[in-house]
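Listed below, chain by chain, are the residues.
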Amino acid sequence: MGSTQALQEIMKWNGWGYSDSRFFFNKKGQAEFTGKRYKLSGLIIPALKDWFESTFGASLQHKTPPILNSSAVHPPTLNETFVEELKSTGIPFSHDAEDRVFRAHGHCLHEIFALREGKFGRVPDMVIWPNCHNDVVKVVELASKHNVCLIPYGGGTSVSSALECPPEETRSIVSLDTSQMNHILWIDEKNLTAHVEAGIVGQDLERLLNESGYCTGHEPDSMEFSSLGGWVATRASGMKKNIYGNIEDLVVHIKMVTPRGVIEKSCQGPRMSTGPDIHHFIMGSEGTLGVVTEVTMKIRPMPEYQKYGSVVFPNFEQGVACLREVARQRCAPASIRLMDNEQFKFGHALKPQVSSIFTSFLDGLKKFYITKFKGFDPNRLCVATLLFEGDRERVLQHEKQVYDIAAKFGGLAAGEDNGQRGYMLTFVIAYLRDLGMDYYVIGESFETSVPWDRVLDICQNVKERIVRECKDKGVQFPPLSTCRVTQTYDAGACVYFYFAFNYRGLSDPVHVYEQVEHAAREEILANGGSLSHHHGVGKLRKEWMRETVSSVGLGMLKSVKDFVDPNNIFGNRNLL
Amino acid sequence: MASKAVYSHRDPMLKKRDDFEDILEERRNSSDLRYALKCYTPVVYKGISPCKADALTNMVLQSSHLHYVISQVSKETGRAVDDVQDEASAILEEMAQRLQLSTIRFFAFTLSKVFKTLFRSICVNEEGIQRLQQAIQEHPVVLLPSHRSYMDFLLMSYLLYTYDLALPVIAAGMDFMGMKFVGEMLRMSGAFFIRRSFGGDKLYWAVFSEYVKTMLKNGYAPVEFFLEGTRSRTSKSLTPKLGLLNIVMDPFFKGEVFDMSLVPVSISYERILEESLYAREMLGVPKPKESTSGLFKARKVLSQNYGSIHVYFGQPVSLRSLAEGRVNRSQFSLVPRHIPKRPSEEIQNFVNDSAYMLVRAQEENMVLKPWVLLASLLLQNHHQSQAPGQKPGMALDELTERVVWLRDLSRQFTVVPEIQETLYLRGDVGPKESRSADTTPEEELLSRAVIVLSCASYRNQALHVFLRPALLALAIHAAASTKKREVFYSFSFLRNMFSNEFILVPGATVQDFEEACYLLVKTGALQITQQEVLVTERGHRTIVFLTSMLDPFLQGYQVVCRFLCEEATEELTEKQFIPSIRRFIIKHLLAGRLRYTEVLSSDLQKNALAALLRLGAVQKLKGVDQGTLKVNTVMVNSLEDTLGGKLPTQKVVVARL
């Protein structure tokens, strides 16, 4: 880390992730993944083309490459006196168009689609890079003094339109980029806590802690790019929450700068009975109240041993029943995820070219065993991926326990490789959307949480609703509509939906897409699902906040906002 | 008429409707045995989880819903859980169907023989069949046939078998169970049996509702039941019963199925098998208990001709689209779905409105046979000829002219509910006079009444077509002035008064009024200005016809009111109501103070009482004097006067009602 725009330089400005990593179809029509960063990098994925063409009815002949045009950005509206005073503080800032556009969006489909078409709405008028907590205090004071709108920016991985500048905002909008506040300030080995600046990105935090033999264990799928402050502001959840907990379980102390001043607790007691927990006003506030600058987090010694695993079930119902039982016995591994049949097939399509005849022979044998010998229907079976962590002996014991439960539900152990590939895919799947967009295919994922007894119904109904809505809205080809259960809790589960469709023949694909997503969310709510498990509300889902938290609840949140930020300095208009 | 009386599929008026295909034709030309043994491979629901009838009972008994209710009942009554569990199994045993293809094949064979003897043709709209086939694959299906005859459900299964469609499971009343052998046969052809009343029996309700829902959710088979709850004795549609509709809709509300198709089916009989039985029943001869030997005795019907049957499979209604914007399904998010809960008002209203909508859909797709129009005219003529100084009967030419006129009128009111057919003469029914010396006047009256009521049941088949315009015609007649507002008050009063008698969607007064106005203006019978409603010169005939159509009901309700004012004593109970009013009416009829023999119909009397109870003019006492009727004489009197046009319908009256 170091130079001001380090990440910006190695990342795409109109797509997901690193500039050097992307999928493309080579001259032979085979899919390849470029770069060196991932396990899949540099490999050929032979089955992807067929899957892609048969699933979406897409064709490699029909291409929609992005239009590269970053100059059509409106000139900044600057608040001169604010800029003058800011200069005197020495905090770096910029009103370069590229810097501003880079921070004007998250990764919702409509945001990326617009960028690829070279369309820019309202973008921040300038970007500021504070270096520490005190810098933030100064910036917030100045913004309040000069009535400038501040939008905190961490890793830019939002999928709730949270980073979109409100078009109706007339004040100068300043993007407050926390990326320079990326240090671990101290590690307390006696209490197993670390005090960290909130701008640190997930993978750096883990890497730096690993150097001292520790980890936080917080691994959201976006951990390569998302920041600690962003996690706190959205109530993030990590893949391994079963061992380490979600962000609300990990945080011991938070420091946030608001227009009213700094909010923090006076001690680091592990639990307090001091009225409603003020941390819970901060967590999930989505940048509407202030900027999180420093966080004390729990840390753990690095696990001695890690083991992946996978289980094949004859059908999704059995798979869900197994996960439910695992949750009931409270023996969930660090991570357990259940993919439905469509995703299983998708995962299959992403298998890289096998290097030896032997592996290919083995794969064939496995397939034969499962479908012919065990009688699993290849169009119904589904797979759970597992990740165990801890000391070796206990991992093996734990593994046996979970496989024993799985066996009761007709599950067959399907090897470490399948499991590992499943988790690897999590990181590359976002790159795939960019590939789809090159060929008229758009898609998105969204999530919810739901009580156990509703899991199967919600999966079925939402998937069907998506198919139905696509048909009604004139989508010419059947969409990909699939889901997976990604987290288990005592009283329910987190469910992820993916949907994508070929938009050839549609005049306004993004609008169609938005209508379908809207309908899908309505369906989720009608089936007892929550508005969001960990993506947050942003502006994308705020129309449902009142029914979600009741009018009184909304009033409570509003009154907090009114007290903390009466002039709406943190004016991203998320949530409320 | 002769030139028009040719049966034709090509009639341009029929174009909005599907064509009918006679399925008996093939039966007359090919082997019934081969048909009964044909390869039967219906398409099934795509989400089906195939299971046997036994597995089904297990699923029901192991459901969390039933577990919950069993433990609740056990706690409340202090009985052992096992004991209650056994009771639940017994209930299920008594209820469950045991659909078997072999039984269906047996029925396919025998019914082919029977149908060919009884009926000239059985016509089915094949496009409806195709729509149904599509629907069955997509979502769980609920079949909702109209109910006029015991024949209905056998006929339905027969048709579905004929068209290679999934055989339904059918909710049947317990009365069939009395017929030992037949009951079991019906059970094996898909019937499941429900007790007629189980008001407070939580356990029964739980077993029953879980059983129906399980079959529906798993796509085991289409579920069939009769919205009207029982056979209509009058050929008018009955006010829908909501219990089963509530049950079948529940899985959708709770997100257990994505959607469900509700398919209204209209079965129009040219002549109903139970025709004269119904008339006798309504005149006080109680209906014979269903028994197997009775069935055999009834075989003499085989020697008669019952004309043709038209079965119209309506457009499947998607429950999801129906509920869109009306039901907030997230209301079920806060209580576990297996815990039974009283439906919210929102749901109740929705179910009620849907039920009416579906019964209206049944009505609209009924086929009107020419005989129906003829009966309407003959009946009116019969009544008019009762008046002193009139010659009975009508010249055939005149009758023909009138029928053609009426046919044209009905076509303007509705989308072709009628079939062109050669009218053939019938010798067995009709207001014919027969006198023999050794009958008392009362016996003679009753035997005449049987004929009139049978005839009325034909007229009733056309009532839904004319109902709204007829209510308007009556309202114009009764209103104090031609002011539109007055006419509307009068319309709304009558509509409210008769809403137990006819299918009138609750809360749709304004729509009905507008529809009636539109139709009568379209036919040129009315001129409607901003302020006034005027009958045109040539509209007179229409208005007179329409008024006369409802006149028997108007008179009937007045008589009921008069009876309650004059004769109701302190002790009149609900049970005694029908016999005493019957005596009262017979007296009046014999004395010549009443024109309509039709008023003797217990159906009309019950509906009138139900209306008065609903309006609060009569109250049913609770407690010691349970079932005693308490009459508010002042109110009943004023209702009678308003019905008779002696009192103007005032805003106040309407508002209060």
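Naming follows an unreviewed UniProt entry, where chain B appears as Phospholipid/glycerol acyltransferase domain-containing protein of Echeneis naucrates. Under the heading Subcellular location (unreviewed entry), UniProt records this for chain B: "Membrane".

Chain A has the name Alkylglycerone-phosphate synthase in an unreviewed UniProt entry, where Echeneis naucrates is given as its organism. According to UniProt, the comment filed for chain A under the heading Subunit (unreviewed entry) is "Homodimer." Chain A has a UniProt comment under Subcellular location (unreviewed entry) that states "Peroxisome membrane".

### Considerations on the interface of chain A and chain B
Contacts between the two partners involve 13 residues from chain A and, on the opposite side, 14 residues from chain B. Taken together, the two surfaces of chain A and chain B that pack against each other cover about 1,200 Å², and 32% of this comes from carbon and sulfur. Where chain A packs against chain B, one counts six salt bridges. A:E523 is the salt-bridge partner of B:R320, the closest N and O atoms lying 2.7 Å from each other.

### Describing the sheet that holds strand β3 (residues 44-45) of chain A
Whether parallel or antiparallel, the strands of a sheet pair through hydrogen bonds between backbone atoms. Residue and element names in this part refer to chain A. If you walk across this open sheet you meet the three strands as β1-β2-β3, and the pairing is antiparallel. The open sheet has two edge strands with one neighbour each: β1 (23-25) and β3. Two elements, strand β2 (residues 31-33) and β3, share two bridges in a ladder whose sense is antiparallel. Among the inter-strand pairings, A31 is bridged to a residue of β3, identified as I45. The strands touched by helix α16 (residues 416-438) within the sheet are β1 and β2, with β1 carrying the most contacts at an inclination of about 45 degrees.

### Examining unusual backbone geometry
You will see that A:L192, though not glycine, has its phi angle at about 55 degrees, which is positive. With respect to the helices and strands, the residue A:L192 is situated in the loop between β8 (184-188) and β9 (193-197).

### Side note on the environment of A:N191
Residues and elements named next belong to chain A. Take N191: it is sitting in the loop between β8 and β9. Among the residues examined, N191 registers a relative accessible area of 55% and is labelled exposed. Only 2.7 Å separates the side chain of N191 from the side chain of D188, close enough to count as a polar contact.

Definitions and cut-offs
- Residues numbered from 1 in each chain as written.
- Chains lettered and ligands numbered in written order.
- Predicted model: local features only at pLDDT ≥ 70, side-chain atom pairs only at ≥ 80, totals over all residues.
- Heavy atoms only, no water.
- UniProt positions renumbered as here; feature names shortened; annotations may be inferred.
- Contact = heavy atoms within 4.5 Å.
- Buried area = accessible area lost by both parts, 1.4 Å probe.
- Salt bridge = Lys/Arg side-chain N within 4 Å of Asp/Glu carboxyl O.
- Pairing = 2+ DSSP bridges.
- Helix = DSSP H or I, 4+ residues; strand = E, 2+ residues; numbered from the N terminus.
- Axes fitted to C-alpha atoms, helices over the stretch in contact; angles between N-to-C directions.
- Buried < 20%, exposed > 50% of the residue type's maximum accessible area, 1.4 Å probe, protein only.
- Polar contact = N/O pair within 3.5 Å; in protein donor to acceptor, adjacent residues only side chain to side chain.

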